[in-house]
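# Residue-level structural notes
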Amino acid sequence: MQRGIQFLGSEHAVLCGAMSWVSERNLVSAISNAGGFGVIACGAMTPELLDAEITATKALTTKPFGVNLITMHPLLTDLIEVCARHRISHVVLAGGIPPRGSVEAIKAFGGKALVFAPTLALAKRLLRGGADALVIEGSEAGGHIGPVATSVLAQEFLPELAEDHVVFVAGGIGRGDMIAAYLEMGASGVQLGTRFACATESIAHPDFKKAFFRANARDAESSVQVDPRLPVIPVRALKNKGTEEFTAKQREVAAQLDAGQVDMAEAQLEIEKFWAGALRRAVIDGDVESGSLMAGQSVGMVTQEQPVAEIMAQLMAESEAALAR
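Counting from 1, residues in each chain are numbered in the order their sequence is written. Reporting of local features is limited, given that this is a predicted model, to residues whose pLDDT is at least 70; pairs of side-chain atoms are given and counted only at 80 or more, and all residues count toward the totals for whole chains, interfaces and linings. The basis for the side-chain values is all heavy atoms of the structure; hydrogens and waters are excluded.

## Observations concerning the overall build of the protein chain
Basically, it comes down to this: A run of DSSP states H or I qualifies as a helix once it reaches four residues; a run of E qualifies as a strand once it reaches two. Both are numbered from the N-terminal end. We take the radius of gyration over the C-alpha atoms and set the globule estimate at 2.2 Å times the residue count to the 0.38 power. Exposure is judged per residue with a 1.4 Å probe applied to protein chains only, and the accessible area is read against the type maximum: over 50% gives exposed, under 20% gives buried, and values in between give partly exposed. Only heavy atoms matter for contacts: two residues are in contact if any of them lie within 4.5 Å across the pair. Only the protein chains shown count as cover for residues, and the accessible areas themselves come from Shrake-Rupley with a 1.4 Å probe. None of His or the chain ends enter the tally, which takes Lys and Arg as positive and Asp and Glu as negative. Note on charges: their place is set at NZ of Lys, CZ of Arg, CG of Asp or CD of Glu.
What the protein chain contains, in helices and strands, is 13 helices and eleven strands. Since a compact globule built from 325 residues should have a radius of gyration of about 20 Å, the 18 Å found for the protein chain is in line with a globular shape. Along the first, second and third principal axes, the C-alpha set of the protein chain runs to 60 × 45 × 40 Å. When the 325 residues of the protein chain are sorted by exposure, 53% land in the buried category. Within the protein chain, contacts between residues at least 6 apart in sequence are counted, and of these 64% link residues at least 24 apart. A total accessible area of about 13,800 Å² is found for the protein chain, and carbon and sulfur atoms account for 53% of it. Taken together, the 28 basic and 37 acidic charged side chains of the protein chain have centroids lying 1 Å from each other.

## Observations regarding the sheet that holds strand S4 (residues 90-94)
Note the threshold: For two strands to be treated as a pair, DSSP must find at least two bridges joining them. Each axis is a line fitted through C-alpha atoms, and for a helix only the stretch in contact is used; angles between axes span 0 to 180 degrees, taken between their N-to-C directions.
Strand order in the open sheet formed by eight strands is S1-S9-S8-S6-S5-S4-S3-S2, with parallel pairing between adjacent strands. Strand pairing shows two members of the sheet lacking a second neighbour, strand S1 (14-16) and strand S2 (38-41), which therefore form its edges. Each adjacent strand pair in this sheet contributes to an overall mean axis angle of 25 degrees, direction not counted. As defined by bridge partners, strand S8 (residues 166-170) adjoins strand S9 (residues 189-192) across three bridges and the pair is classed as parallel. By the bridge assignment, Phe-168 is partnered in S9 with Gly-189.

## Quick look at unusual backbone geometry
Most peptide bonds adopt trans geometry, and most residues besides glycine take a negative phi value. Located in the positive-phi region is Trp-21, a residue other than glycine, with phi close to 70 degrees. The residue Trp-21 is located in the loop between S1 and helix H2 (25-33) in this model. Since its relative accessible area comes to 36%, Trp-21 is described here as partly exposed. At Arg-87, a position not held by glycine, the phi torsion is positive, near 55 degrees.

## Details of the packing of aromatic side chains
Condition: Aromatic pairs are defined between Phe, Tyr and Trp rings, using the six-membered ring for Trp, whenever the two ring centres lie within 6.5 Å; interplanar angles under 30 degrees are classed as stacked, those over 60 as edge-to-face, and all others as tilted.
Evaluation of the coordinates by the stated rule reveals five aromatic pairs. A centroid spacing of 4.4 Å and a plane angle of 40 degrees characterise the contact between Phe-246 and Trp-275, whose relative ring orientation is tilted. Of this pair, Phe-246 sits in helix H11 (residues 241-258) while Trp-275 sits in helix H12 (residues 264-283), and the two are 29 residues apart along the sequence. Between Phe-274 and Trp-275 the ring centres are 5.9 Å apart and the planes differ by 75 degrees, which places this aromatic pair in the edge-to-face class. On the basis of relative accessible area, Phe-274 is assigned to the buried category, the value being 17%.

## A closer look at helix H6 (residues 120-128)
This is how the line gets drawn: Directions from the helix axis toward the C-beta atoms define the arc.
Residues of H6 that are buried: Leu-120, Leu-122, Ala-123, Leu-126 and Leu-127. Along the long axis of H6, the arc covered by the buried residues comes to 160 degrees, so they all point the same way. Of the residues in H6, the exposed ones pointing more than 90 degrees away from the buried face are Ala-121 and Arg-128. Structurally, H6 contributes buried residues whose contacts are with strand S5 (112-116), strand S6 (133-137) and helix H7 (150-161). One or two steps after H6, the chain reaches Gly-130, where phi turns positive at roughly 115 degrees.

## Brief notes about the pairing of strand S3 (residues 65-70)
Formally: Whether a crossover is right-handed depends on one test, that the path from the first strand over the helix to the second runs clockwise when the strands point away from the viewer.
Taken across its six residues, S3 has five buried, putting it largely inside the fold. After leaving S2, the chain enters helix H3 (residues 47-58) and then returns to the sheet as S3, a path that is right-handed. Handedness of the crossover is the feature at issue here: the chain leaves S3, passes through helix H4 (residues 76-85), returns alongside S4, and the resulting connection is right-handed.

## Some thoughts on the sheet that holds strand S11 (residues 235-238)
The three strands lie next to each other as S7-S11-S10, forming an open sheet whose pairing is antiparallel. Two strands bound the open sheet, and with one partner strand each, they are strand S7 (143-144) and strand S10 (220-222). Sheet analysis places S7 next to S11, joined by two bridges and oriented antiparallel. Within S11, the residue paired with Gly-143 across the bridge is Arg-236.

## Things to note about the pattern of salt bridges
Condition: Salt bridge, as used here, is a side-chain nitrogen of Lys or Arg placed within 4 Å of a carboxyl oxygen of Asp or Glu.
A complete count under the given rule lists twelve salt bridges for this structure. Between Glu-160 and Lys-124 there is a salt bridge, with the nearest N and O atoms lying 3.1 Å from each other. Note that Glu-160 is positioned in helix H7 and Lys-124 in helix H6, a separation of 36 residues in sequence. A salt bridge links Lys-241 to Glu-245; its shortest N-O distance comes to 4.0 Å. One end of the pair is Lys-241 and the other is Glu-245, both in helix H11 and four residues apart, which spans about a single turn. A residue is classified by how much of its surface remains accessible, and Lys-241, at 47% relative accessible area, is partly exposed. Given a relative accessible area of 27%, Glu-245 falls into the partly exposed group. Linked by salt bridges that have partners in common, Arg-175, Asp-177 and Glu-318 make up one network.

Written out as structure tokens, the structure reads:
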């Protein structure tokens, strides 16, 4: 884990997955204070909101933390400028291939750029193009996911990249023994989201947390793509009425695309706005029926509310015990 620790500047090379509405000042600062690396989920925030969130997080921790930006955000350049003003040490570009110039803009102010890649060829290209680290995320993860399992990605990517690059593994990690396994394969660290979503410091609504405590792995289902012409990144969430509403929303947007009322970029943005709103209803308002309960398949290992420091200590103890064995 040493390479990941040196790269992040934290005590443990454990990134918090950026969960919209959940990964905000309280959870992010708690994770950094517990020795991990908190990451603010910018999501659909405006530059002004991100500016305020970074300022508020700095008031709660003196430890390093990062910001996760969605590559399709129409104001991505402005959001990177906000990170530059605050001298954010690490920026994660998620949700698609980073647009031309975005990695360079992050590196220009001294920040480190972390990227996601669904294929080995793309990963190599992004690293050659200046990305400082890679996150490989399997389909077991919560929220936006790719089609391949974490264990398969790890076997494919780590032997090729881990010797020369910083690589974090994400998706379906709920215990320290699994962290140890990926470290042994060459990973520099890991990223966990679902395990931290119901921490004591998480502002998620009590009903949102209860839904997690009741759920098991098979309840966290991947969304279905209705129209092949409308490329929607699948989202893993607990099955509820909101899952059905998303299917209906896709049909509605596909019809608008057919009628020429929106272009492809606008259609995809419309889908993203739907998710942002549905997620807010679940996380903030506690609407667990029609809101989006984004969760990874490790949700079955989340059975109670625990302080972040306790979760982190437990993960590290399990990891150390596994490595000692």
